[in-house]
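Report on the structure
Here's the letter readout for the chains.
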Amino acid sequence: MSASSCSAPIFLIFLFLLLVYFSTLNRSITFSSNPKILHDNQQEGLNEENPVTHAKKNSVHKIEEDLARARAAIWRAIRSRNYTSYKEDQNFIPSGSIYRNSYAFHQSHIEMVKRFKVWTYKEGDLPMVHNGPMKEIYAIEGHFIGEMESKGERPFLASHPDEAHAFFIPISVAYIVHYLFIPGTNHIFRAKLQRVVEDYIHVIANKYPYWNRSNGADHFIVSCHDWVRTTPPSFYFM
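- Per an unreviewed UniProt entry, the chain is named Exostosin GT47 domain-containing protein, and its organism is Anisodus acutangulus.
- You can read under Subcellular location (unreviewed entry) in the UniProt record for the chain the words "Golgi apparatus membrane".
- For the chain, the Sequence similarities (unreviewed entry) comment in UniProt is given as "Belongs to the glycosyltransferase 47 family."

Here you go:
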């Protein structure tokens, strides 16, 4: 995919759908199809009735409940061939053979805009972290990192990692190759690249609980570089 055809929202909705349908944070939680449990306003009513129980909920449980509400809303849209939104500007439902179910897609986008939060790790130094190419075929790395770390309005950025559904590792594989690769050393560079990424993972895994609680299943990096396949396979790549 060329850099000109990529944008952060497209990546984020794909990642959000992965989390909605394949969430691995807490497999012990089961989800009822009863809308009284899964609707946002009715869930808030339950929280008011049981303030002590709600206070004891950890961040994982809250995230799983949020994803359960999103799942329920998407299934309602599929069954009713309609959508649920509280914004007037979200009333366009796409159509065409490209969509397996346009109502599900539309509701998924609504739920992503409403709920989805990504935490970007702050660790690491330039030029290989928090930085990436902004031109030519590998530019998606730099553009995505720039969008996630810009100082403007960032609706998908979590204010605290406990609120995050996914965790972005702002490493540029293209810049690792640019700064560390020596021509003619392909046979040893794969190990060097993997070591750089693993060192970063060890830092965040020892400092925060988020990598270890899911074994990296909710962590991702963005790269268009061929070398990305040699990095650790423990987390999602886009």
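Notes on the overall build of the chain
- Looking only at helices and strands, the chain features 10 helices and 4 strands.
- The contacts in the chain between residues at least 6 apart in sequence include a share of 72% that link residues at least 24 apart.
- Split by element, the accessible area of the chain, about 13500 Å² in all, is 54% carbon and sulfur.

Describing the nonpolar core
- One finds Phe116, Val118, Phe168 and Phe220 to be the most contacted residues of the largest nonpolar core, which totals 23 residues.
- Of all the elements in the fold, those that place two or more residues in this core are α1 (8-22), α5 (59-80), α6 (102-115), α7 (139-149) and β2 (166-168).
- It is α1 that contributes the most residues to this core, 5 residues altogether.
- In this view, Val118 contacts Leu12, Met148, Phe156, Leu157, Ala158, Ala164, Ala166, Phe168 and Phe220; residues no more than four positions away in its chain are not counted.
- Judged by nonpolar contacts, the second largest core, of 22 residues, contains Tyr121, Val177, Ile201 and Ile221.

Side note on the packing of aromatic side chains
- Scanning all chains against the criterion turns up 10 aromatic pairs.
- Arranged with centres 5.0 Å apart and planes meeting at 55 degrees, the rings of Tyr99 and Phe105 form a pair that is tilted.
- According to the relative accessible area criterion, Tyr99 is partly exposed, its value standing at 26%.
- Its relative accessible area of 35% is what places Phe105 among the partly exposed residues.
- In this structure an aromatic cluster arises from ring pairing among Tyr121, Phe167, Tyr208 and Tyr210.
- Residue placement shows Lys122 over the ring face of Trp119; its charged tip is 4.9 Å from the ring centre.

A few points about helix α8 (residues 173-180)
- The set of residues buried in α8 consists of Val173, Ala174, Tyr175, Ile176 and Val177.
- In this structure, the buried side of α8 is in contact with α7, α9 (186-207) and β3 (219-221).

A look at the environment of Ile145
- Note on placement: Ile145 falls in helix α7.
- By relative accessible area, which is 2% here, Ile145 ends up buried.
- Note: C-alpha distance between Ile145 and Ser172 (27 residues apart in sequence) is 8.5 Å.
- Once you skip the residues sitting within four places of it in the chain, Ile145 turns out to touch His130, Asn131, Phe168, Pro170, Ile171 and Ser172.

Points about the packing of α5 against α6
- Direction vectors running N to C along α5 and α6 enclose 155 degrees, while the axes themselves pass 8 Å from each other. Overall, the two elements α5 and α6 adopt an arrangement that is roughly antiparallel. Both α5 and α6 take part in a crossing whose hand is right-handed. On α6, the residues touching Asp66, Arg69, Ala70, Ala73, Ile74, Ala77 and Ile78 of α5 are Tyr103, Ala104, Gln107, Ser108, Glu111 and Arg115.

Focus: the pattern of salt bridges
- Counted under the stated rule, the structure contains 5 salt bridges.
- Here Glu111 makes a salt bridge to Arg115, at a shortest N to O gap of 2.6 Å. With a gap of 4 residues between them, Glu111 and Arg115 both fall in helix α6, about one helical turn apart. Each member of the pair, Glu111 together with Arg115, is buried.
- Salt bridges sharing common partners tie together Glu65, Asp66, Arg69, Glu111 and Arg115.

Considering the packing of α8 against α9
- Where α8 contacts α9, the axes come no closer than 11 Å and their chain directions differ by 125 degrees. As summarised for this structure, α8 and α9 are arranged oblique, according to the angle between their axes. Our pair here, α8 against α9, has a crossing hand that is right-handed. Across the interface between the two elements, Val173, Ile176, Val177 and Leu180 of α8 pack against Phe189, Lys192, Leu193, Val196 and Val197 of α9.
- Here the residues of the contact of α8 with α9 are counted per class, giving 8 nonpolar, no polar and 1 charged.

Parameters and conventions
Residues numbered from 1 in each chain as written. Predicted model: local features only at pLDDT ≥ 70, side-chain atom pairs only at ≥ 80, totals over all residues. Heavy atoms only, no water. UniProt positions renumbered as here; feature names shortened; annotations may be inferred. Helix = DSSP H or I, 4+ residues; strand = E, 2+ residues; numbered from the N terminus. Contact = heavy atoms within 4.5 Å. Areas by Shrake-Rupley, 256 points an atom, 1.4 Å probe, with all protein chains shown as cover. Core = buried A, V, L, I, M, F, W, Y, C linked by side-chain atoms within 4.5 Å. Buried < 20%, exposed > 50% of the residue type's maximum accessible area, 1.4 Å probe, protein only. Phe/Tyr/Trp six-rings, centres within 6.5 Å; stacked < 30°, edge-to-face > 60°. Lys NZ or Arg CZ within 6 Å of the ring centre and 35° of its normal. Axes fitted to C-alpha atoms, helices over the stretch in contact; angles between N-to-C directions. Parallel < 35°, antiparallel > 145°, perpendicular 65-115°, else oblique. Left-handed = near helix turned anticlockwise from the far one by under 90°. Salt bridge = Lys/Arg side-chain N within 4 Å of Asp/Glu carboxyl O. Nonpolar A, V, L, I, M, F, W, Y, C, P; charged D, E, K, R; others polar.

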